[in-house]
Every structure is written in structure tokens, then in C-alpha cells.
Amino acid sequence: MLSILAEQIHDGRFLRLIGGLLRAGYLEDWRYHATLSGCPQGGVVSPVLSNIYLDRLDQYIEQALLPAWNRGDRRTPYRPYMRLWQQACRLEQRGDREAGALLRKQMKALPSRDPADPGYRRLRYCRYADDWLLGFTGPRREAEEIKAGIGRFLREQLKLELSPAKTLITHGRTQAARFLGYQVVVLHADDKRDRRGHRSINAAIGLKVPADVIRAKIKPYTHCGKPIRRTERIADTDFSIVAQFQAEFRGKHSRHALYVTNPCVALGWCSRCWLSPSR
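Residues numbered from 1 in each chain as written. Predicted model: local features only at pLDDT ≥ 70, side-chain atom pairs only at ≥ 80, totals over all residues. Heavy atoms only, no water.

## Section: the pairing of strand β4 (residues 131-137)
Logical step 1: Burial runs high along β4: seven of the seven residues are buried.
Logical step 2: The two faces of β4 match: Asp 131, Leu 133, Gly 135 and Thr 137 on one face and Trp 132, Leu 134 and Phe 136 on the other face are all buried.
Logical step 3: As paired strands, strand β3 (residues 122-128) and β4 are joined by seven bridges and run antiparallel to one another. The residue of β4 that forms the bridge with Arg 124 is Gly 135.
Logical step 4: In this antiparallel pair of consecutive strands, β3 and β4, the connection spans two residues, and Ala 129 shows a positive phi of 60°. (Buried < 20%, exposed > 50% of the residue type's maximum accessible area, 1.4 Å probe, protein only. Helix = DSSP H or I, 4+ residues; strand = E, 2+ residues; numbered from the N terminus. Pairing = 2+ DSSP bridges.)

Have a look at this one:
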């Protein structure tokens, strides 16, 4: 950490101050504990130091991994889909619209683009503090290679180890990736259509709030599943009560809005696969 700071900051007093902070220890239940490694969580500079330290991970992924794994402008058309489309067009030209409609109905259950196109790959990356998420379009074997490459870089360059319990590869369409309190999924529903009758949400990214997060949020305001009285505010004025409720609402709304606007573009193996996340 100090060597990274010293590359851009040439102030010995500041570097000694940061070094002292990293070695200062921490209090837990009013008992002192020495800092044997890392930076104590909860410190005022911990998020800033985390961003500075992991900037090298950002550069490695953006300059090495993304150019190496992103290829192809668009997936090739899916041959079974195109065959049905050609047959439907020929039947409709002959006047057999009923048979053409049946074929078009079968088309709605097939992807229009080849999900296993070997010439098409996409890798996307998002990091918030020490949480990060990668979305990859391609086979799981290649996702494992990307994971191994990142683990090697963290171990050799930043002296960090990936946590096996937290660094997971999941299939985006069948499993949700937990990221910043949300479940990030790849949507798929052939019955969702736009005005032209085209499937509109397949392969789009969806953010869902996990049930345990919802229960934790409503717990302070409920008892046995029902809303409770806020008797501690009986003595407050009407204006004060409304102002406090508005402040609580704004706090929860802004926190979720911050997570929703993060650019978590995610893709996956054969259809979707997540590489997520490490601390």
C-alpha cells in the first residue's frame, strides 16, 4: 500500500501518517487488538485506500483481460431458427398462412442468434469499493481461465488471495449473483413481447431484492409480520414526525438508487455465466 502511494505522493510525512494508521490497531468491545495485516474496516480512510489499492486490478482487467476476451461484433444467426423462418416465408408466399403461423410460433421458442457462437465473446467488469463483478459470455471453461488469471494477478502483484467461498462462477440464467445487496440475474421470458411482437426482455439484466434483505429492512418496523406503533415519537410535533419519516425514506431510497445505477452488464456461459465476487 505504501509503495503504491509513494509512486504518486512524494511527501514523507503523509506516508508516515498512513503507515502509522495501518499499524495503529483497533478496538473491539473496548479491547485493543493489534493490526497484523491489512487495514481495519470501519476506518474513515479504508474506502479510499481500497480504491487506490484495487486501481491496479481495474487497470489489469481493462487493459489486459477485456481486449483479450472481447471479440466479434454480433452473434451469427441460429441455423434452426433461420430454417423455420425460411420455411414460414415460403408457406406464406404460397398463401398457406395458417401453416406459416405455426412455424412462427415454433420460432418464438428458439434463440434467433447462436448462443454458442465460437466467434463471439463479451466480458464486462464492475467494481464498487472491494466488491466486484464480472459478466462473461462464453463457455464455463473460459470463465475458469479468467478466474485463474485474476487470482494469479492478485496473488503476485497485490499479495491478495481470492476467497473460494465468495469467488463463485454461476450461470446467470439459472442462478442469481449477489452483488451490493441485490440478486443480479439474466432475464428470459418468451411470452414478453414488444409492440412488433418481438421478444423484448431475453438476455436483459435484471436486479432483484433478495427476500432476506427485505425481511431485514422491515424488521425494525414490524412485529409478528404486522406494522408496529412508533411510540417513541408520541411527544414529537407533527412536523418533526413527518420530517423523520421522510429522512428515513430518503436514506433507503438513495441507497438502493446508488446500487441500481451501477453499470453491471452481465453475460454468461452458453447463455449466461457470472464470475462473482471477492473481498
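## A word on the pairing of strand β7 (residues 182-186)
Looking along a regular strand, one sees the side chains alternate between the two faces of the sheet.
Logical step 1: Most of β7 sits inside the fold, with four of its five residues counted as buried.
Logical step 2: Where strand β6 (residues 177-179) and β7 come together, three bridges link them in antiparallel fashion. Bridge pairing links Phe 179 to Tyr 182 in β7.
Logical step 3: Connecting the antiparallel pair β6 and β7 is a turn made up of two residues, with Leu 180 showing a positive phi of about 55°.
Logical step 4: By the bridge criterion, four bridges tie β7 to strand β8 (residues 205-208) in an arrangement that is antiparallel. Across the sheet, Val 186 pairs through a bridge with Ile 205, a residue of β8.

## Topic: the nonpolar core
Logical step 1: By size, the foremost hydrophobic cluster in this structure holds 21 residues, and its most contacted members are Leu 57, Ile 61, Leu 123, Leu 134, Ile 146, Ile 150 and Leu 158.
Logical step 2: Looking at this core, the elements with two or more residues in it are α3 (46-69), β3, β4 and α6 (140-157).
Logical step 3: Per-element tally for this core: the top contributor is α3, with seven residues.
Logical step 4: Sequence-distant contacts of Leu 57, defined by excluding residues within four places in its chain, comprise Tyr 125, Trp 132, Ile 150, Phe 153, Leu 154 and Leu 158. (Core = buried A, V, L, I, M, F, W, Y, C linked by side-chain atoms within 4.5 Å. Contact = heavy atoms within 4.5 Å.)

## Some details on unusual backbone geometry
Note on backbone geometry: most residues besides glycine have negative phi, and most peptide bonds are trans.
Logical step 1: Phi is positive for Ala 129, which is not a glycine, with a value near 60°.
Logical step 2: By secondary structure assignment, the location of Ala 129 is in the loop between β3 and β4.
Logical step 3: By relative accessible area, which is 28% here, Ala 129 ends up partly exposed.
Logical step 4: Even without a glycine there, the phi angle at Lys 159 is positive, about 55°.
Logical step 5: Note that Lys 159 resides in the loop between α6 and β5 (168-170).

## Here's the deal with the packing of aromatic side chains
Logical step 1: What the rule picks out here adds up to two aromatic pairs.
Logical step 2: Relative to Phe 153, the ring of Tyr 60 lies with its centre 4.3 Å away and its plane at 5°, an arrangement referred to as stacked. Of this pair, Tyr 60 sits in helix α3 while Phe 153 sits in helix α6, and the two are 93 residues apart along the sequence.
Logical step 3: Overall, the relative accessible area of 13% leaves Phe 153 in the buried class.
Logical step 4: Ring centres of Trp 69 and Phe 136 lie 5.7 Å apart, and the angle between their planes is 85°; on these two criteria the pair is classed as edge-to-face. (Phe/Tyr/Trp six-rings, centres within 6.5 Å; stacked < 30°, edge-to-face > 60°.)

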